[in-house]
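Here's the letter readout for the chains.
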Amino acid sequence: MLTMLTSTIEFILAFFLGALTAFAPSFHGVCSFFTAVILLFVTCHRGLNRSCLVAVTSAIALFAATCVRSSVDVSMLLPFFLVLLDLILPGLVMGFCLRNGKNLYRTVAAGSMAKLTVAVLELTKLRFYDKLDIMETLVNTPIRNFFEIYRNALATVIPLTEEITDMLNDMSWYMQQTFAASMPAILILGSLLTAYLVFLVARKCLYHFSHIAYPAVNHFWELQFNKATAYVMIVIQLLATIVATGNISAALGNITLVLSVCYMVCGVSVFDWFFRRTGIWSVFRACIYVVGFIGLSIFGAILPLLNPTSLLMLVGLADCLFDFRHLRQKGATAL
């Protein structure tokens, strides 16, 4: 009886999320996230065939709701196909990898690649189908609008001198250039974060509802890259410092940004590993991390070495080189 009820809920949730995606496009990201969680859960719990049925249910709901919301013609097929891919592809791919490989890094990488594939297709549609300037639409215009709102709010408090206006314009231009140059890294990091969060939620659901634990799959406090990846990080960091201009510099900068954020997360994992041994509850540990990050940010303005992002990156890199937690003995290292 409980199994039948769970199966019914899976199909109902998939149908609801598919319909909500069409009726409320602003909730598309939330619907895509929870659909991926459901498909990952179903694939690991009941198999890929059942997961495909759930995905078809979501697709039917999405198509029906799209037809109700807008007129049915050929022009709707491409947007519908891209939205459908974003809904079902990450969850199916991650579920298949986790069920067959039982490896955290491959599962998250597969989900990230699925999200990136959809993102690239979306950008291609914007450029060649909608005939829009991608950077102007996604980067420059939102940043200019933000600074315009900020400028108007600031004008109600203090008189805007020419120096302040020029400073705001320079900040707007600098942010536009920075975001435009870092767009590949932002897409990669966003897809990695989304895939990892999907995995975490699905793993909790699998444990609480199906008693599937996957003990061989790494937890957050066991995140670590291997030595070779650490050496690659150091070399790319040096090359990015030497090569100051051009497309090669931009590519190295994006790679450096992605690896730096990954090693910063590994640094948080190192601290979490040590704090976890004290027996402090996870909620209190999270509060300690937030307070510590804010405190180090204040001191980092005086001593750059205490900047929390740099400190965490160095700790994560050092752990990957020297294996403080002895994770390689249990084969927990990525790559």
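Just so we're clear, the structure is a prediction, and the values are computed from it rather than from any experiment. (Residues numbered from 1 in each chain as written. Predicted model: local features only at pLDDT ≥ 70, side-chain atom pairs only at ≥ 80, totals over all residues. Heavy atoms only, no water.)

## Section: the overall build of the protein
Point 1. A tally of regular secondary structure across the protein gives 12 helices and 0 strands.
Point 2. N-terminal to C-terminal, the α/β element order of the protein is α-α-α-α-α-α-α-α-α-α-α-α.
Point 3. Residue burial in the protein is summarised as follows: out of 335 residues, 38% are buried.
Point 4. Expressed as a percentage of contacts within the protein between residues at least 6 apart in sequence, the contacts between residues at least 24 apart total 72%.
Point 5. Here the protein has roughly 19100 Å² of accessible surface; of this, 74% comes from carbon and sulfur atoms.
Point 6. The distance from the centre of the 21 positive side-chain charges to the centre of the 16 negative ones in the protein is 18 Å. (Helix = DSSP H or I, 4+ residues; strand = E, 2+ residues; numbered from the N terminus. Buried < 20%, exposed > 50% of the residue type's maximum accessible area, 1.4 Å probe, protein only. Contact = heavy atoms within 4.5 Å. Areas by Shrake-Rupley, 256 points an atom, 1.4 Å probe, with all protein chains shown as cover. Lys, Arg positive; Asp, Glu negative; His and termini not counted. Charge placed at Lys NZ, Arg CZ, Asp CG, Glu CD.)

## Let's talk about helix H9 (residues 227-242)
Point 1. With 16 residues, H9 extends 23 Å from end C-alpha to end C-alpha; this agrees with the ideal 22 Å at 1.5 Å per step.
Point 2. Those residues of H9 lying buried are Thr 229, Ala 230, Met 233 and Ile 236. One side of H9 carries all its buried residues, which in axial view fall inside an arc of 125°. Turned more than 90 degrees from where H9 packs its buried face, Leu 238 and Ile 242 sit exposed. (Expected span 1.5 Å × (residues − 1). Arc of directions from axis to C-beta.)

## Thoughts on the packing of helix H8 (residues 183-210) against helix H10 (residues 246-276)
Point 1. Closest axis-to-axis distance for the H8/H10 pair is 8 Å, and the angle between their directions is 30°. With respect to their mutual orientation, H8 and H10 come out roughly parallel. Judged by the twist between their axes, the crossing of H8 over H10 is right-handed. Taking contact as the criterion, the partners of Met 183, Pro 184, Ala 185, Ile 188, Leu 189 and Leu 192 in H8 are, on H10, Asn 254, Leu 257, Val 258, Val 261 and Cys 262.
Point 2. Residue composition of the contact of H8 with H10, by class: 10 nonpolar, 1 polar and no charged. (Axes fitted to C-alpha atoms, helices over the stretch in contact; angles between N-to-C directions. Parallel < 35°, antiparallel > 145°, perpendicular 65-115°, else oblique. Left-handed = near helix turned anticlockwise from the far one by under 90°. Nonpolar A, V, L, I, M, F, W, Y, C, P; charged D, E, K, R; others polar.)

## So, the pattern of salt bridges
Point 1. Per the stated rule, a full pass over the model turns up 7 salt bridges.
Point 2. The closest approach of N and O atoms between Arg 285 and Asp 272, which form a salt bridge, is 2.9 Å. Here the residue Arg 285 occupies a position in helix H11 (residues 282-300), and Asp 272 occupies one in helix H10, the gap between them amounting to 13 residues. The residues Arg 285 and Asp 272 share a single accessibility class, namely buried.
Point 3. For Asp 319, the salt bridge is made with Arg 325, and the minimal N-O distance between the two is 2.6 Å.
Point 4. The class for Asp 319 is buried, based on a relative accessible area of 1%.
Point 5. Here Arg 325 falls in the buried class, since its relative accessible area comes to 4%. (Salt bridge = Lys/Arg side-chain N within 4 Å of Asp/Glu carboxyl O.)

## Examining the nonpolar core
Point 1. Ranked by internal contacts, the top residues of the largest apolar core, which has 39 residues, are Leu 40, Ile 88, Leu 98, Leu 104, Val 198 and Phe 199.
Point 2. Listing elements by their share of this core, those giving two or more residues are helix H1 (2-23), helix H2 (28-46), helix H3 (48-69), helix H4 (77-101), helix H5 (104-129) and H8.
Point 3. The leading source of residues in this core is H2, at 10 residues.
Point 4. Residue contacts for Phe 199: discarding those within four places in its chain leaves Leu 40, Met 94, Leu 98, Leu 104, Thr 107, Val 217 and Asn 218.
Point 5. In this structure, Ile 236, Leu 252, Leu 259 and Leu 317 belong to the second largest nonpolar core, which totals 16 residues. (Core = buried A, V, L, I, M, F, W, Y, C linked by side-chain atoms within 4.5 Å.)

## Thoughts on the packing of aromatic side chains
Point 1. Evaluated as defined, the whole model comprises 9 aromatic pairs.
Point 2. Where Phe 33 meets Phe 34, the ring centres are 5.2 Å apart and the plane angle is 90°; that geometry is what we call edge-to-face.
Point 3. What makes Phe 33 buried here is its relative accessible area of 17%.
Point 4. Judged by its relative accessible area of 40%, Phe 34 falls in the partly exposed class.
Point 5. Taken together, a centroid distance of 5.4 Å and an interplanar angle of 55° make the contact between Phe 225 and Tyr 263 tilted. Taken together, the residues span a long stretch of sequence, with Phe 225 in the loop between H8 and H9 and Tyr 263 in helix H10 at a distance of 38 residues.
Point 6. Taking the relative accessible area as the measure of exposure, Tyr 263 reaches 0% and is therefore buried.
Point 7. Positioned above the aromatic ring of Trp 221, the side-chain terminus of Arg 276 is 3.5 Å from the ring centre. (Phe/Tyr/Trp six-rings, centres within 6.5 Å; stacked < 30°, edge-to-face > 60°. Lys NZ or Arg CZ within 6 Å of the ring centre and 35° of its normal.)

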